[in-house]
Amino acid sequence: MGQGRFALGVALLVVVGTVAAGTIAAPTNGGAPSGDQADAVDQAALQANESGPNDSDAGTASANGTNESANGATTGGQSPESCDYAALYDRTIDSVVSVQTDAGIGSGFVYQTDESGTGYVVTNAHVVGDSDEVVVQLADGESRTGEVVGRDELSDLAVIRIDETPDAAEALPVADEPADPGTAVAALGNPFGLDETITHGIVSGVNRSMPTTRGYAVPNVVQTDAPISPGNSGGPLVTCDGTVVGVNTAGIAAQGAENIGFSVSATLIDRVVPALIEDGEYEYAYLGVAATPVTPPIAEANDLNATEGLYVVRTAEGSPAADALQEAGENETAGGFSVPVGGDVIVAIDGQPVTSGEELSSYLVTETSPGENVTLTVLRDGERQEIEVTLDERPAPASGPTGPPTGGLPG
């Protein structure tokens, strides 16, 4: 394995490509990271000096908030053959909205309402961009001025508050557990400005990472083959019983890629959106480590008995990882590849096995908070050790909205 390119605290995604004029260039290696690319797995360590363009009808978004009606919601794991999509459309479409800014149009859905008629709409952060106010058009054709009360770039979620929410625009329940691959789903929204549109498919995969132009990745993402087009961003991905399992964010339109779309998971919605409603922001835990999966050449060069865990290539200066973990000190050649040597191997966090950057990133984002302690199980000098680490708050992101996904056709 060649010497990697490591961005501290940034997860390298499974899909790699470039965005140009609403289309993408196909990955040169079939969509998987090449051998000389390392998984920088601490998703919470967002680079403070990153910057990227805003694309309000394509890209990613952020939101912190909670849906009280989602408690106990299930994923309704039906097959496509047994799903009544017409009934699903009738049940959910009144809760789907169009979100309009000076830069373009996206979608959203009613997440929470109260007795006074105040409603909270969830959408993507890249849809609202840096706007403080947006126009929210309801399914009945009426429009409201909406106030952006919170946005979170890392999860690409945002929350908009509107007044006088119609009774028909009920809050959609959000799943309290991930949808299983193969579950029938539908994407609702306004692709290319076509109001009240439904497309359908299945959950193709879970716990994906989705890159953005800002140099970091949205973690814990749902992959679906339900068509997601520009204008769908921010709309809900729902199961056959109307439960939200994701917020549609981007579709892939590369040569050889068919029906690959991504949605921010219900796990992130449940964790981030309540905080956005309450505080306008969400605080992520920060470990500060760049790591790569152990490969046979790395195992050979470091005298490891197995190819398990994540090899610590680098730690961020001043981070919790810098004080607790041993990073690689140099490179050696093994099996014809230049590989790092001298670092720890993370094999578990809080007893949960770690085999990929996605797993460590997802655990940090969905299971931990700043100030909490985690126990890392590491291999150091041939011995297994348990190291307790106190997580920090992630560094502040750069100002301005997140850019669209790398390799993604903005939704």
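Higher on the page you've got the structure.
All of the points below concern the structure found in this document.

About the criteria used
Residues numbered from 1 in each chain as written. Predicted model: local features only at pLDDT ≥ 70, side-chain atom pairs only at ≥ 80, totals over all residues. Heavy atoms only, no water. Helix = DSSP H or I, 4+ residues; strand = E, 2+ residues; numbered from the N terminus. Buried < 20%, exposed > 50% of the residue type's maximum accessible area, 1.4 Å probe, protein only. Contact = heavy atoms within 4.5 Å. Areas by Shrake-Rupley, 256 points an atom, 1.4 Å probe, with all protein chains shown as cover. Core = buried A, V, L, I, M, F, W, Y, C linked by side-chain atoms within 4.5 Å. Pairing = 2+ DSSP bridges. Salt bridge = Lys/Arg side-chain N within 4 Å of Asp/Glu carboxyl O. Axes fitted to C-alpha atoms, helices over the stretch in contact; angles between N-to-C directions. Nonpolar A, V, L, I, M, F, W, Y, C, P; charged D, E, K, R; others polar. Phe/Tyr/Trp six-rings, centres within 6.5 Å; stacked < 30°, edge-to-face > 60°. Polar contact = N/O pair within 3.5 Å; in protein donor to acceptor, adjacent residues only side chain to side chain.

### A closer look at the overall build of the protein
Now for step 1: Within the protein one finds 6 helices and 25 strands.
Now for step 2: Burial statistics for the protein: of 411 residues in total, 57% are counted as buried.
Now for step 3: Across the protein, contacts joining residues at least 24 apart in sequence account for 71% of those joining residues at least 6 apart.
Now for step 4: As displayed, the protein has an accessible area near 15,800 Å², and 43% of this comes from carbon and sulfur atoms.

### A short note on helix H6 (residues 357-367)
Now for step 1: Buried residues dominate H6, accounting for 9 of its 11 residues.
Now for step 2: Residues Gly357, Glu358, Leu360, Ser361, Ser362, Tyr363, Leu364, Val365 and Thr366 constitute the buried set of H6.

### Concerning the nonpolar core
Buried together is how nonpolar side chains tend to be arranged in soluble globular proteins.
Now for step 1: The biggest cluster of nonpolar side chains holds 50 residues, and the ones touching the most others in it are Val122, Leu157 and Ile269.
Now for step 2: For this core, the leading source of residues is helix H3 (residues 266-279), giving 7 residues.
Now for step 3: Residues in contact with valine 122, not counting those within four places in the same chain, are Gly108, Phe109, Tyr111, Leu157, Ala158, Val159, Gly234, Val247 and Val273.
Now for step 4: Counting 21 residues, the second-largest nonpolar core is a separate cluster that includes Val289, Ala321, Ile349 and Leu360.

### Here we look at the pairing of strand S20 (residues 345-349)
Now for step 1: With 5 of 5 residues buried, S20 is to be regarded as a mostly interior element.
Now for step 2: Bridge count between strand S17 (residues 310-315) and S20: 2 bridges; the pairing is antiparallel. Across the sheet, the residue bridging to leucine 310 is isoleucine 346, located in S20.
Now for step 3: For S20 and strand S22 (residues 373-380), the ladder comprises 4 bridges, and the chain directions are antiparallel. Counterpart to isoleucine 346 in the pairing with S22 is valine 378.

### Topic: the pattern of salt bridges
Now for step 1: One pass over the full model with this rule turns up 6 salt bridges.
Now for step 2: A salt bridge links arginine 151 to aspartate 132; its shortest N-O distance comes to 3.7 Å. Of the two residues, arginine 151 sits in strand S7 (residues 143-152) while aspartate 132 sits in the loop between helix H2 (125-128) and strand S6 (133-137), which places them 19 residues apart along the sequence.
Now for step 3: Note on arginine 151: relative accessible area 27%, which makes it partly exposed.
Now for step 4: Judged by its relative accessible area of 55%, aspartate 132 falls in the exposed class.

### Brief notes about the environment of phenylalanine 192
Now for step 1: Within the fold, phenylalanine 192 resides in the loop between strand S9 (184-189) and strand S10 (197-211).
Now for step 2: For the pair phenylalanine 192 and serine 229, spaced 37 residues apart in sequence, the C-alpha separation works out to 7.1 Å.

### Observations concerning the packing of H3 against H6
Now for step 1: Orientation of H3 relative to H6, taken along the N-to-C sense of each, is 35°, at an axis distance of 10 Å. Here Thr267, Leu268 and Arg271 of H3 come into contact with H6, specifically with Val365, Thr366 and Glu367.
Now for step 2: The residue makeup of the contact of H3 with H6, split by class, is 2 nonpolar, 2 polar and 2 charged.

### What about the sheet that holds S7?
Now for step 1: Here 6 strands make up a closed barrel; going around it, the order is S3-S4-S5-S8-S7-S6 and the pairing antiparallel. In this sheet, adjacent strand axes meet at a mean angle of 40° when their direction is disregarded.
Now for step 2: Summarising the sheet, strand S3 (residues 96-101) and S6 pair through 3 bridges and their orientation is antiparallel. Residue pairing for S6: valine 99 is matched across the bridge by valine 136.
Now for step 3: In the packing of H3 onto the sheet, contacts are made with strand S4 (104-113), strand S5 (119-123), S7 and strand S8 (157-162), and the angle to S8 comes to roughly 45°.

### Examining the packing of aromatic side chains
Now for step 1: Under the definition given, this model contains 1 aromatic pair.
Now for step 2: Between the aromatic rings of tyrosine 282 and tyrosine 284, the centroid separation amounts to 4.7 Å while the plane-to-plane angle is 80°, which identifies the pairing as edge-to-face. Comparing tyrosine 282 with tyrosine 284, the two get one shared label, buried.

### Examining unusual backbone geometry
Now for step 1: Phi at asparagine 220 is positive, roughly 55°, even though this residue is not glycine.
Now for step 2: As for its position among the elements, asparagine 220 is in strand S11 (residues 217-224).
Now for step 3: Exposure remark for asparagine 220: the relative accessible area of 12% places this residue in the buried category.
Now for step 4: With a phi angle near 55°, aspartate 381 is a residue other than glycine that sits in the positive phi range.
Now for step 5: Summarising the element assignment, aspartate 381 is placed in the loop between S22 and strand S23 (383-390).
Now for step 6: Relative accessible area serves as the criterion here: at 70%, aspartate 381 is assigned to the exposed category.

### With respect to the environment of arginine 271
Now for step 1: Position of arginine 271 relative to the elements: it lies in helix H3.
Now for step 2: Each C-alpha atom of the pair arginine 271 and threonine 366 lies 7.0 Å from the other, and the pair is 95 residues apart in sequence.
Now for step 3: Once residues lying within four places of it in the same chain are set aside, the contact partners of arginine 271 are Tyr282, Val365, Thr366, Glu367, Thr368 and Ser369.
Now for step 4: Side-chain polar atoms of arginine 271 contact the backbone oxygen of valine 365, separated by 3.0 Å.

By themselves, these are just geometric observations and shouldn't be taken as functional.
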